[in-house]
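# Overview (structure and organization)
Each chain is listed here by its residues.
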Amino acid sequence: MGRLREQVVGNAQHREKFRPAFAHDASACIAGRKHAKPGRLKPDRIAFMTLRSRTPRPIDHLVLPVSELGIARDRLTALGFTVARDARHPFGTENCCVFLADGSYLEPLGIANREECEEAARAGNVFVARDQAFRFRRGLEGFSGIAMATGDAREDDRRYVAAGLSGGEMLEFSRDMLMPDGSSATGSFRLAFAADQRSPDFFFFASQRILPLPADRASLEAHENGVVALAEVVLSEQNPTDFQYLVQEAADERAVEALSFGMSVETPRGRITVLNDAGLEGFYGLAPEATDRGLKGRAVVFKVSSLSACRRLLAGRGIEFSERDERLLVPAAPGQGVLFVFGE
């Protein structure tokens, strides 16, 4: 533990040394960089903090609690996504996933049987317990967690424990999935959880596909809105670097892009960005929430093959959206708990 403490203290000193001064608000920064590439935070001064090389974990999927799967399905379909058939977990929750061509997916998560969920949570099921806590504190819909892909969840669990960031006992389970052609397949998973007790509304976990679901999901990965990949996930916190180590450990990546209004960690599949209130308002027009401290899931950014085609689809279906920095911003709505952003 002595070595770990020395490393943490050293990192904190390093962070203070290179933290950029917040000379302008986020809106002013953006105004001065009209031609910056959308989806990338490009402040005037950036510091890169790298301790040592690791094996970065790609984003596997996003956990998006919803009040009802039917409402989520209708909303996501209206947005131009292809939604898989409903699937049920053996501990009372259910989902209707949206699979993307880059290998990531969205997991709208519903409650199939409340009694089963409560029993699982009491028995130590961290996944269900976290979902129940989120719904109690934040409401029935939102963005509660990020799963990182891994080939060895047990090793990730050991790493989380050593870093003092374990979110609880590992979880193994299997579930069935109905394919578009009517056939069924079974997937088995092993999960290891990473969390910070100061952040009860958001968590990370490593997801190992012991028995993967069929790799050929081409029909499920084709979307009318032209989405081809997950570009970025956006979290919020008053002082983003307070949770630097949690994000780094979850992604197994020590390189951090430090910004005057937040920080970002690049993964092999998608970027994880944590912004303060000024950054959220400047980049996404999101007003600060009158809430307590800790990470909060605020937005999902998608890459589309054609922004103009996506714009036409949304407009043709009467979907409310705004445009900012050559991106389309769709505000949260029933079945879509957070802001969705579409850009090339």
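Residues numbered from 1 in each chain as written. Predicted model: local features only at pLDDT ≥ 70, side-chain atom pairs only at ≥ 80, totals over all residues. Heavy atoms only, no water.

## Remarks on unusual backbone geometry
Where we set the bar: Under the DSSP-based scheme used, a helix requires at least four consecutive residues in state H or I and a strand at least two consecutive residues in state E, with every element numbered from the N terminus.
Non-glycine residue Asp252 carries a positive phi angle of around 50°. As for its position among the elements, Asp252 is in the loop between α8 (244-251) and β12 (256-259).

## Quick look at the nonpolar core
Threshold: Side-chain atoms within 4.5 Å are what join buried Ala, Val, Leu, Ile, Met, Phe, Trp, Tyr and Cys residues into a set we call a nonpolar core. Partly exposed describes any residue whose relative accessible area lies between the buried limit of under 20% and the exposed limit of over 50%, with all areas from a 1.4 Å probe on protein chains only and scaled to the type maximum. Note on contacts: a residue pair qualifies if any of its non-hydrogen atoms lie within 4.5 Å across the two residues.
Counting 53 residues, the largest nonpolar core has Phe143, Ile146, Phe204, Phe340 and Phe342 as the members making the most contacts within it. For Ile146, the contacting residues outside a window of four places in its chain are Ile59, His61, Leu62, Phe202, Phe203, Phe204, Phe205, Val233 and Ile272. Of all hydrophobic cores here, the second largest spans 18 residues; its members include Leu109, Val126, Val128 and Phe189.

## Concerning the pattern of salt bridges
What counts here: Salt bridges are defined as contacts in which a side-chain nitrogen from Lys or Arg sits within 4 Å of a carboxyl oxygen from Asp or Glu.
For the structure on display, the rule yields 25 salt bridges. In this structure, the salt-bridge partner of Asp252 is Arg57, at a minimum N-O distance of 3.0 Å. With Asp252 in the loop between α8 and β12 and Arg57 in the loop between β1 (47-49) and β2 (59-65), this pair connects stretches of sequence that are 195 residues apart. The class of Asp252 is buried, set by a relative accessible area of 7%.

## Focus: the packing of aromatic side chains
Put simply, the test is: Ring pairs are drawn from Phe, Tyr and Trp, using the six-membered ring of Trp, whenever the two centres fall within 6.5 Å, and their geometry is named by plane angle: stacked under 30 degrees, edge-to-face over 60, tilted for the rest.
Throughout the structure, instances matching the rule amount to 17 aromatic pairs. Between Phe261 and Phe283, the ring centres sit 5.3 Å apart and the planes meet at 55°, which makes this aromatic pair tilted. With Phe261 in the loop between β12 and β13 (262-266) and Phe283 in helix α9 (residues 277-284), this residue pair connects regions lying 22 residues apart in the sequence. Here Phe261 falls in the buried class, since its relative accessible area comes to 0%. Here the aromatic residues Phe91, Phe127, Phe173, Phe189, Phe193, Phe203 and Phe205 are joined through ring pairs into a cluster of three or more.

## Observations concerning the environment of Met177
Relative to the helices and strands, Met177 is located in strand β8 (residues 171-178). For Met177, a relative accessible area of 3% translates into the label buried. Taking the C-alpha atoms as reference points, Met177 and Arg88, separated by 89 residues in sequence, lie 8.3 Å from one another.

## Overview of the packing of helix α4 (residues 114-122) against helix α5 (residues 126-138)
So the rule is basically this: Only C-alpha atoms enter the line fits that serve as axes; for helices the fit covers just the stretch in contact. Angles between N-to-C directions range over 0 to 180 degrees. Crossings are classed by handedness, with left-handed meaning an anticlockwise turn of the near helix from the far one by less than a right angle and right-handed meaning a clockwise turn. Polar here means any residue outside two lists: the nonpolar Ala, Val, Leu, Ile, Met, Phe, Trp, Tyr, Cys and Pro, and the charged Asp, Glu, Lys and Arg; Gly therefore counts as polar.
Axis separation between α4 and α5 bottoms out at 8 Å; the angle between their running directions is 115°. Judged by the sense of rotation from one axis to the other, the crossing of α4 with α5 is left-handed. Judged by residue contacts, Cys117, Glu118, Ala120 and Ala121 of α4 engage Val128, Ala129 and Gln132 from α5. For the contact of α4 with α5, the class distribution of residues is five nonpolar, one polar and one charged.

## A word on α5
Our working rule: To estimate the expected span of a helix, subtract one from its residue number and multiply by 1.5 Å. For this analysis, a polar contact is any N or O atom pair within 3.5 Å, provided that within protein one partner can donate a hydrogen and the other can accept it, and provided that sequence-adjacent residues contribute only side-chain to side-chain pairs.
Over its 13 residues, α5 runs 17 Å from end to end, which matches the ideal 18 Å to within 8%, given 1.5 Å per residue. The complete set of buried residues in α5 reads Val126, Phe127, Val128, Arg130, Asp131, Phe134 and Arg135. By the N-cap criterion, in which a side-chain oxygen at the helix start approaches the backbone nitrogen of a residue two or three places on, α5 is capped by Asn125, the distance to Phe127 being 3.1 Å. Among the residues trailing α5, Gly139 stands out with phi positive, at a value near 110°.

## Looking at the confidence of the model for the protein
Basically, it comes down to this: For every residue, the predictor reports its confidence as pLDDT, a number between 0 and 100.
In this model, the protein carries a mean pLDDT of 86, and residues with pLDDT of at least 70 account for 82%. Contacts for the low-pLDDT stretch residues 1-53, under 50 throughout, to residues beyond four places or in other chains number 74 contacts.

## What to know about the side chain of Asn125
Along the chain, Asn125 turns up in the loop between α4 and α5. Of the polar contacts made by the side chain of Asn125, one reaches the backbone nitrogen of Phe127; its length is 3.1 Å. Residue contacts for Asn125: discarding those within four places in its chain leaves Phe91, Ala120 and Leu171.

## Section: the state of the cysteines
To keep it simple, the criterion reads: When two cysteine sulfur atoms are found within 2.5 Å, that pair is recorded as a disulfide.
Under the definition given, this model contains zero disulfides. There is no disulfide at Cys97, and the cysteine sulfur nearest it, in Cys96, is 7.2 Å away.

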